[in-house]
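If you want the building blocks of each chain, they are given just below.
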Amino acid sequence: MKILVVCGSGLGSSFMMEINIKNILKELNLSNVEVEHTDLSSAKGMQADIYMGTRDITTQFTGFKGEIISLDNMIDKEYMKAQLVAKLKEMKFI
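The structure presented is a predicted model; accordingly, all values stated were derived computationally and were not measured.

Caption draft 1: Region of the structure containing the packing of aromatic side chains. For the structure shown, the criterion picks out three aromatic pairs. Between the aromatic rings of Phe-61 and Phe-64, the centroid separation amounts to 4.6 Å while the plane-to-plane angle is 10°, which identifies the pairing as stacked. Residue Phe-61 shares its accessibility class with Phe-64, and that shared class is buried. Ring-pair connections join several aromatic residues into one group, and the members of that group are Tyr-51, Phe-61 and Phe-64.

Dropping the structure here:
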């Protein structure tokens, strides 16, 4: 399982979300999930099971072949955890 966190420039916000996601996965005892962050341009050429970003970025995820998690709030860790758990359950990963 691979999660790709995407933001406009691939630096600050996606890196912060990557750290939060890794902490959430650790809480859930899911050590078999790879998490990376990148910018929108690079993401188009990268394969992942889940693509995650803020709503303004995810509206540009055309042609992506994985599942998409669109966040309204990238700072609220509990909100992010709820969105991630819901998607993982939907995919029957947990």
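Once you've had a look at it, read on.
Caption draft 2: Representation of the sheet that holds strand β3 (residues 50-54). Spatially, β2-β1-β3-β4 is the arrangement adopted by the four strands of the open sheet, whose pairing is parallel. Of all strands in the sheet, those bounded by a partner on one side alone are β2 (34-39) and β4 (67-71). Pairwise comparison of adjacent strand axes, ignoring direction, gives a mean angle of 20° for this sheet. One ladder, built from three bridges, connects strand β1 (residues 2-7) with β3; its direction is parallel. Note on β3: the bridge partner recorded for Leu-4 is Tyr-51. On top of the sheet, helix α1 (residues 12-27) reaches β1, β2, β3 and β4; it is set at about 150° to β1, its chief contact.

Caption draft 3: Layout of α1. Its 16 residues place the ends of α1 23 Å apart at the C-alpha level, agreeing with the 22 Å of an ideal helix rising 1.5 Å per residue. Within α1, the full set of buried residues consists of Ser-14, Met-17, Glu-18, Asn-20, Ile-21, Ile-24 and Leu-25. Contacts from the buried residues of α1 go to β1, β2, β3, β4 and α4 (77-90). Directly beyond the C-terminal end of α1, a positive phi value near 60° is found at Asn-29.

Caption draft 4: α4, seen in detail. Under the 1.5 Å per step criterion, the end-to-end length of α4 is 20 Å for 14 residues, consistent within 8% with the ideal 20 Å. All of the buried residues in α4 are Met-80, Leu-84, Val-85, Lys-87 and Leu-88. Viewed end-on, α4 has its buried residues packed into an arc of 165°, placing them on one side of the element. Exposed and oriented more than 90 degrees from the buried face of α4 are Glu-78, Lys-89 and Glu-90.

Caption draft 5: Spotlight on the pattern of salt bridges. All told, the structure shown has seven salt bridges when counted by the stated rule. For Glu-18, the salt bridge identified is with Lys-22, shortest N-O distance 2.9 Å. Of this pair, Glu-18 and Lys-22 both sit in helix α1, four residues apart, roughly one helical turn. For Glu-18, a relative accessible area of 6% gives the class buried. When the shortest N-O distance is used, the salt bridge between Lys-81 and Glu-27 registers 3.1 Å.

Criteria and thresholds
Residues numbered from 1 in each chain as written. Predicted model: local features only at pLDDT ≥ 70, side-chain atom pairs only at ≥ 80, totals over all residues. Heavy atoms only, no water. Phe/Tyr/Trp six-rings, centres within 6.5 Å; stacked < 30°, edge-to-face > 60°. Buried < 20%, exposed > 50% of the residue type's maximum accessible area, 1.4 Å probe, protein only. Pairing = 2+ DSSP bridges. Helix = DSSP H or I, 4+ residues; strand = E, 2+ residues; numbered from the N terminus. Axes fitted to C-alpha atoms, helices over the stretch in contact; angles between N-to-C directions. Contact = heavy atoms within 4.5 Å. Expected span 1.5 Å × (residues − 1). Arc of directions from axis to C-beta. Salt bridge = Lys/Arg side-chain N within 4 Å of Asp/Glu carboxyl O.

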